[in-house]
Amino acid sequence: MEEIAKRAIRGDQQAILVLLEVYEETLYRTAYAYLRNEHDALDAMQELAYRALKKMHQVKEPAYVGTWLVRVLINICLDMKKKQVNYVSQDVESSYTHETNFEVLDLISQLPVQEQQAIYLKYVEQRTNKDIARVQNIPEGTVKSRVHHALRKLRLLFGQGGRN
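Quick caveat, the model's predicted, so the values are computed rather than measured.

A look at the pattern of salt bridges
Between side chains of opposite charge, pairing is possible as soon as their charged atoms come close.
Next, step 1: Enumeration according to the criterion identifies seven salt bridges in this entry.
Next, step 2: One salt bridge in this structure joins D131 and R134, with 2.8 Å as the shortest N-O distance. Of the two residues, D131 and R134 are both situated in helix α8 (residues 129-136); the distance of three residues between them amounts to about one turn of the helix.
Next, step 3: R134 sits in the partly exposed class, given a relative accessible area of 34%.
Next, step 4: Salt bridges sharing common partners tie together R127, D131 and R134.

So, the packing of α8 against helix α9 (residues 140-159)
Packed helices, taken two at a time, are described by the angle their axes make and the gap between the axes.
Next, step 1: Between α8 and α9, the least distance of the axes is 8 Å, while the angle of their chain directions is 105°. With respect to each other, α8 and α9 are oriented roughly perpendicular. Taking contact as the criterion, the partners of N129, K130, I132, A133 and Q136 in α8 are, on α9, E140, V143, K144 and R146.
Next, step 2: Considering only residue class, the contact of α8 with α9 consists of three nonpolar, two polar and four charged.

A few points about helix α4 (residues 38-55)
Note that an α-helix has 3.6 residues per turn; residues three or four places apart therefore point the same way.
Next, step 1: With 18 residues, α4 ought to run about 26 Å at 1.5 Å a step, and its terminal C-alpha atoms sit 25 Å apart, in line with that.
Next, step 2: Among all positions of α4, only D40, A41, A44, M45, L48 and A52 are buried. Relative to the axis of α4, the buried residues are bounded by an arc of 140° and lie together on one face. α4 presents H39, Q46 and K54 as exposed residues on the side facing more than 90 degrees away from its buried surface.

So, the packing of helix α7 (residues 113-124) against α9
Next, step 1: In the contact formed by α7 and α9, the axes pass within 9 Å of each other and the chain directions differ by 95°. Put simply, α7 runs roughly perpendicular to α9. Residues Q114, E115, A118, I119, K122 and Y123 of α7 lie in contact with α9, whose contacting residues are R146, V147, H149, A150, L151, K153 and L154.
Next, step 2: Partitioning the contact of α7 with α9 into residue classes produces seven nonpolar, two polar and four charged.

Some words on the packing of aromatic side chains
Next, step 1: Tallied over the full model, the rule gives two aromatic pairs.
Next, step 2: On the basis of an interplanar angle of 35° and a centroid distance of 6.0 Å, the ring pair of Y28 and Y32 is categorised as tilted. Of this pair, Y28 and Y32 both sit in helix α3 (residues 24-35), four residues apart, which is roughly one turn of the helix.
Next, step 3: Take Y28: its relative accessible area is 24%, and that puts it in the partly exposed class.
Next, step 4: A residue is classified by how much of its surface remains accessible, and Y32, at 28% relative accessible area, is partly exposed.
Next, step 5: When the centroid spacing of 4.6 Å and the interplanar angle of 55° are considered together, the rings of Y34 and Y120 count as tilted. With a gap of 86 residues between them, Y34 in helix α3 and Y120 in helix α7 connect regions that are remote in the sequence.

Conventions used here
Within any chain, residue numbers begin from 1 and follow the written order of that chain's sequence. Local features are withheld for residues below a pLDDT of 70 in this predicted model, meaning they are given only at 70 or higher, and side-chain atom pairs are given and counted only at 80 or more; totals for whole chains, interfaces and linings count all residues. The side-chain values count all of the structure's non-hydrogen atoms but skip hydrogen atoms and water molecules. We define a salt bridge as a side-chain nitrogen of Lys or Arg found within 4 Å of a carboxyl oxygen belonging to Asp or Glu. Note on conventions: DSSP H or I runs of at least 4 residues are helices, E runs of at least 2 residues are strands, and numbering of each starts at the N terminus. For every residue, the accessible area (1.4 Å probe, protein chains only) is compared with the maximum for its type, and the residue is labelled buried under 20%, exposed over 50%, or partly exposed between those bounds. In this description, a line fitted to the C-alpha atoms serves as the axis of each element, helices being fitted only across the stretch in contact, and the angle between N-to-C directions of two axes falls anywhere from 0 to 180 degrees. For classification, angles of less than 35 degrees are called roughly parallel, those exceeding 145 degrees roughly antiparallel, those between 65 and 115 degrees roughly perpendicular, and all remaining angles oblique. Here, two residues are considered to be in contact whenever any of their heavy atoms come within 4.5 Å of each other. Note that Gly is not counted as nonpolar here; it falls among the polar residues with everything else outside the nonpolar set of Ala, Val, Leu, Ile, Met, Phe, Trp, Tyr, Cys and Pro and the charged set of Asp, Glu, Lys and Arg. Every helix has an expected span of 1.5 Å times one less than the residues it contains. Each direction from the helix axis to a C-beta atom contributes to the arc, which is the arc of those directions. Any two of the Phe, Tyr and Trp rings considered here, Trp counted by its six-membered ring, make a pair once their centres fall within 6.5 Å; the pair's planes then place it as stacked at under 30 degrees, edge-to-face at over 60, or tilted in between.

Right, here's the structure in full:
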């Protein structure tokens, strides 16, 4: 895998595509967790492929290619969410017919963005605190603090039935 990552960093487009395939499931789950919509998640994945082809050379260490891909994808998802705020339609409520998963995602979406990221990376992606710290470029203690505060807020939201 390291050799493929090295080739990708050097600009080998086939190697970049191989890496995107290797990480596809993890990346898609991350995009879907952020965007809560299959179409938007696929759009984010497409944008990630474009950016990876254009900017993979910026990765300094082959060992961090997966982390770099997740970080770029999170930024894409956050940008998409900002744009969606301007286009919120009235039938949004009807699109949340699936019960538990969407209810949990709705509660998570009420958290500050930094805490949302920590929860998604920790519990959806099942990443370690150390890995999350590397993805977000923050100290590991900050990750622990964000997860702790986010869980405390989620407990309160669950206790209120998801209402503020």
